[in-house]
Amino acid sequence: MPGTPNSATTPTTSSNPESGKQPPAPQVWPSLRARDARALIRFLVDAFGFEETVVHGDGDLVQHAELAWPEGGGIMLGSVREDQDPANCPTPPGAFSAYVVTADPDAVHARAKAAGAEITTELRVTDYGSRDFAARDPEGNRWYFGTYRGEPR
């Protein structure tokens, strides 16, 4: 119908923080497995500042956990299951990496160092203008934190 906005071509939200509109809720959830999921959850909360949203499981086994990133988005994780077919399981422990956007990489870096995180790349400014650093968690996963928010859409 002429004059009626088409929802396929007319965005209802914007990823531009200056537009005043909020981006859509996260719909992509990186996921990983851990040998000691409960210890990894504690580390990600203490060292990097993730927030524990939910943890389902008994004892050492974590069936499903969600950790929110305070600035938006989050991850899901769970324990490695010995009965799971390696060809049909999520990323093996230590094989995960993620880039996490933060407005204050210096604060995240200081927190990570204070918590004993292994910093693999010290704070720096990249050739594309991001201020970032890299760290490895106790399971061997690689985490990158920086100010680069991606190209505008």
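Presented here is a report on the structure given in the accompanying data block. (Residues numbered from 1 in each chain as written. Predicted model: local features only at pLDDT ≥ 70, side-chain atom pairs only at ≥ 80, totals over all residues. Heavy atoms only, no water.)

All chains considered together, the criterion is met by six salt bridges. Measuring nitrogen to oxygen at the nearest pair gives 3.2 Å for the salt bridge that ties glutamate 118 to arginine 136. Here glutamate 118, found in strand S6 (residues 118-125), pairs with arginine 136, found in strand S7 (residues 131-136); they are 18 residues apart in sequence, far enough to count as distant. Accessibility expressed as a relative area gives 40% for glutamate 118, which makes it partly exposed. With relative accessibility at 21%, the residue arginine 136 sits in the partly exposed group. (Salt bridge = Lys/Arg side-chain N within 4 Å of Asp/Glu carboxyl O. Helix = DSSP H or I, 4+ residues; strand = E, 2+ residues; numbered from the N terminus. Buried < 20%, exposed > 50% of the residue type's maximum accessible area, 1.4 Å probe, protein only.)

Once that is clear, we can look at the nonpolar core. Of all hydrophobic cores here, the largest spans 27 residues; its most connected members are Leu44, Phe48, Phe50, Ile75, Leu77, Trp143 and Phe145. Ignoring sequence-local partners within four residues, the contact set of leucine 44 consists of Gly49, Phe50, Leu67, Ile75, Leu77, Asp137 and Trp143. (Core = buried A, V, L, I, M, F, W, Y, C linked by side-chain atoms within 4.5 Å. Contact = heavy atoms within 4.5 Å.)

With that settled, consider the environment of aspartate 36. Counting through the fold element by element, aspartate 36 comes out in the loop between strand S1 (31-34) and helix H1 (37-48). Within the structure, aspartate 36 has its side chain in polar contact with the backbone nitrogen of alanine 39 (distance 3.1 Å). (Polar contact = N/O pair within 3.5 Å; in protein donor to acceptor, adjacent residues only side chain to side chain.)

With five of six residues buried, strand S4 (residues 74-79) is to be regarded as a mostly interior element. The pairing of S1 with S4 spans four bridges and is classified as parallel. Bridge pairing links serine 31 to methionine 76 in S4. As defined by bridge partners, strand S3 (residues 61-68) adjoins S4 across four bridges and the pair is classed as antiparallel. Across the sheet, the residue bridging to alanine 65 is leucine 77, located in S4. The antiparallel hairpin formed by S3 and S4 contains five residues in its connecting segment, where glycine 72 sits at a positive phi of about 125°. (Pairing = 2+ DSSP bridges.)

The strand order across the open sheet formed by four strands is S1-S4-S3-S2, and the pairing between neighbours is mixed. Only two strands of the sheet have a single neighbouring strand rather than two, namely S1 and strand S2 (51-58). Between one strand and the next, the sheet's axes are offset by a mean angle of 15°, whatever the strand orientation. (Axes fitted to C-alpha atoms, helices over the stretch in contact; angles between N-to-C directions.)

Where S6 meets S7, five bridges bridge the pair, whose relative direction is antiparallel. Its bridge partner lying in S7, isoleucine 119 is registered against alanine 135. A loop of five residues connects S6 with S7, the two strands running antiparallel in sequence, and glycine 129 in this loop sits at a positive phi of about 95°.

This part is about the packing of aromatic side chains. In total, this model carries ten aromatic pairs according to the counting rule given. Residues phenylalanine 43 and phenylalanine 48 carry aromatic rings whose centres are separated by 5.3 Å and whose planes lie at 80° to one another, so their mutual orientation is edge-to-face. Between the aromatic rings of phenylalanine 133 and phenylalanine 145, the centroid separation amounts to 5.4 Å while the plane-to-plane angle is 20°, which identifies the pairing as stacked. Of this pair, phenylalanine 133 sits in strand S7 while phenylalanine 145 sits in strand S8 (residues 142-146), placing them twelve residues apart in sequence. Phenylalanine 145 carries the same exposure label as phenylalanine 133, and that label is buried. Here the aromatic cluster, defined as three or more aromatic residues joined through ring pairs, consists of Phe43, Phe48, Phe50, Trp69, Phe96, Phe133, Trp143 and Phe145. (Phe/Tyr/Trp six-rings, centres within 6.5 Å; stacked < 30°, edge-to-face > 60°.)

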